[in-house]
Amino acid sequence: MVYLSMIFFQIVAPILILLIVGAILQRKFQFNLKALSHLITYCFMPAAVFVNIYETKIEMAVVGQLTLFIVLFIGSQMILSHYLAKMMRLDRQESAVFKNSVVLINSGNYGIPVAQMIFVTQPIGVAIQVILVIFQNVTTYTYGLYNLISATKSGMEIVRDFLKLPIIHALWIGGLLNYLDVPIPQTFQIPLDYVAGGFVAVALITLGAQLSQIEMKTMFNKTIFISCFTRLIVGPAVALGIIYLLGIDGVVAQSLFIASAFPTSRNSSSLALEYDIESATAAQTVLFSTIISCLTVTVVIYMSNILFI
């Protein structure tokens, strides 16, 4: 119990404090959230991704395990959410939002900060989370958009939008320079480190600002409860089974297990808002799952340290 409380106060509570700071600042100053989101997407996150990939050595065997895990895990969540939506007799729009809320995970401005706090002395744990962010972006702009398909956007436009994401280019450039062992001049390394170091605070404060605009009073309904239970409880349980099935252990297993417990991605809300499909429900699910994850992620981190030493 002492160790569990230590995890909460040293890892989860700092994240919660930054979320609250973001919410308070947003209430007072009404930031331009779209501009902040662009700042994270086009500046802070690519820098953090590049630095982590460039500075971390990952064996090809680990990459293979990671890829197989992601395919099995995301595939299982798609199938599970599909049949749950059918059992709940949700209409087409509600079903689309529900499925996205289960499958799309906040691996970016929630997952990477958590990984950076936990694996501060084990860079591979952060690098794995960075790779998961890429897969989540692929899932968001394929499966997520398919669920909310609109006549306003063609398949090629979706592909072009995805390829424009700087995080994709930060990944392959960082990986290439890492593989070729190319040194980066201090003139560039220093500003990269500054920007990458600021990612955690900016991302979490921005997320808190976004969540502060969501109404809490209407989020207590069956669909949101089931969505959050599936995302935060069933998801990690399924991930644990896959980890044992594939024989993954050590830091890799810890990183994957913890990553499976993160709350619903804010992108699920953004997509719903963009296509005007149950956007209020989508936003409320993001808020509720983020709040509850403060407890569930603490437990999963604790379990990961017991199961995968």
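Above: the structure in question.
Residues numbered from 1 in each chain as written. Predicted model: local features only at pLDDT ≥ 70, side-chain atom pairs only at ≥ 80, totals over all residues. Heavy atoms only, no water.

Caption draft 1: Quick peek at the overall build of the chain. Check the secondary structure of the chain and you find 13 helices and zero strands. For the chain, the proportion of contacts with a sequence separation of at least 24, taken over those separated by at least 6, is 88%. Accessible surface, the chain as shown: approximately 14,700 Å² in total, 68% of it carbon and sulfur. (Helix = DSSP H or I, 4+ residues; strand = E, 2+ residues; numbered from the N terminus. Contact = heavy atoms within 4.5 Å. Areas by Shrake-Rupley, 256 points an atom, 1.4 Å probe, with all protein chains shown as cover.)

Caption draft 2: Region of interest: the environment of Lys-99. By secondary structure assignment, the location of Lys-99 is in helix H4 (residues 92-103). In this structure, the C-alpha to C-alpha distance between Lys-99 and Gln-77, residues 22 residues apart in sequence, is 8.5 Å. If we skip the residues at most four places from it in the chain, Lys-99 touches Ser-81, His-82, Tyr-143 and Asn-147.

Caption draft 3: The environment of Val-49, seen in detail. Relative to the helices and strands, Val-49 is located in helix H2 (residues 33-55). Look at Val-49 and you get buried, because its relative accessible area is 0%. Counting along the chain gives 81 residues from Val-49 to Val-130, while the straight-line C-alpha distance between them is 6.1 Å. Apart from residues lying up to four places away in sequence, Val-49 is in contact with Val-130, Ile-167, Ala-170 and Leu-171. (Buried < 20%, exposed > 50% of the residue type's maximum accessible area, 1.4 Å probe, protein only.)

Caption draft 4: The arrangement of the nonpolar core in detail. Ranked by size, the top nonpolar core spans 69 residues in total, and within it Phe-69, Phe-199 and Leu-256 carry the most contacts. Sorting elements by how many residues they give to this core places H2 first, with ten residues. Those residues in contact with Phe-69, other than ones at most four positions away along the chain, are Ala-239, Ile-242, Ile-243, Leu-246, Ile-248 and Leu-256. (Core = buried A, V, L, I, M, F, W, Y, C linked by side-chain atoms within 4.5 Å.)

Caption draft 5: Just helix H3 (residues 60-87), in detail. If you check H3, its first and last C-alpha atoms are 41 Å apart, about what 28 residues at 1.5 Å a residue would give, namely 40 Å. Within the sequence span of H3, burial applies to Val-62, Leu-66, Phe-69, Ile-70, Phe-73, Ile-74, Gln-77, Ser-81, Leu-84 and Ala-85. At the C-terminal side of H3, Arg-89 shows a positive phi close to 55°. (Expected span 1.5 Å × (residues − 1).)

Caption draft 6: Focus on the packing of helix H10 (residues 222-246) against helix H11 (residues 250-259). At their nearest, the axes of H10 and H11 sit 8 Å apart, and the two run at 155° to each other. The angle between H10 and H11 falls in the class roughly antiparallel. For the pair H10 and H11, the sense of crossing is right-handed. Side by side, H10 and H11 meet where Pro-236, Leu-240 and Ile-243 of the first sit next to Ala-253, Leu-256 and Phe-257 of the second. Its residues assigned to classes, the contact of H10 with H11 shows six nonpolar, no polar and no charged. (Axes fitted to C-alpha atoms, helices over the stretch in contact; angles between N-to-C directions. Parallel < 35°, antiparallel > 145°, perpendicular 65-115°, else oblique. Left-handed = near helix turned anticlockwise from the far one by under 90°. Nonpolar A, V, L, I, M, F, W, Y, C, P; charged D, E, K, R; others polar.)

Caption draft 7: Spatial organisation of the packing of aromatic side chains. Enumeration over the complete set of coordinates arrives at six aromatic pairs. Consider the rings of Phe-50 and Tyr-54, whose centres lie 5.8 Å apart with planes at 5°: the pair is stacked. Here Phe-50 pairs with Tyr-54, and both are found in helix H2, just four residues apart, close to one helical turn. Judged by its relative accessible area of 17%, Tyr-54 is buried. For the pair Phe-225 and Phe-288, a centre-to-centre distance of 5.4 Å together with 50° between the ring planes defines the contact as tilted. A residue pair is termed long-range when its members are at least 10 positions apart, and Phe-225 in helix H10 and Phe-288 in helix H13 (residues 279-307) qualify at 63 residues. Note on Phe-225: relative accessible area 39%, which makes it partly exposed. Ring pairs connect the aromatic residues Tyr-244, Phe-257 and Phe-308, which therefore count as one cluster. (Phe/Tyr/Trp six-rings, centres within 6.5 Å; stacked < 30°, edge-to-face > 60°.)

Caption draft 8: Just the packing of H4 against H10, in detail. Relative orientation of the contacting elements H4 and H10 amounts to 25°, with a least axis distance of 8 Å. Between H4 and H10, the angle is such that the two are roughly parallel. Where H4 crosses over H10, the handedness of that crossing is right-handed. For the pair H4 and H10, the contacting residues are Phe-98, Ser-101 and Val-102 in the first and Thr-223, Ile-226, Ser-227, Thr-230 and Arg-231 in the second. Residues belonging to the contact of H4 with H10 are distributed by class as follows: three nonpolar, four polar and one charged.

Caption draft 9: Fine view of a nonpolar patch on the surface. Among the surface-exposed residues, Trp-172, Ile-173, Leu-176, Tyr-179, Leu-180 and Val-182 lie close enough to one another that they form a single nonpolar patch of about 630 Å² accessible area. Tracing the chain through its elements places Leu-176 in helix H8 (residues 166-180). For Leu-176, a relative accessible area of 41% corresponds to the partly exposed category. (Patch = residues over 30% accessible without salt bridge, like charges linked within 9 Å, V, L, I, M, F, W, Y side chains within 5 Å. Salt bridge = Lys/Arg side-chain N within 4 Å of Asp/Glu carboxyl O.)

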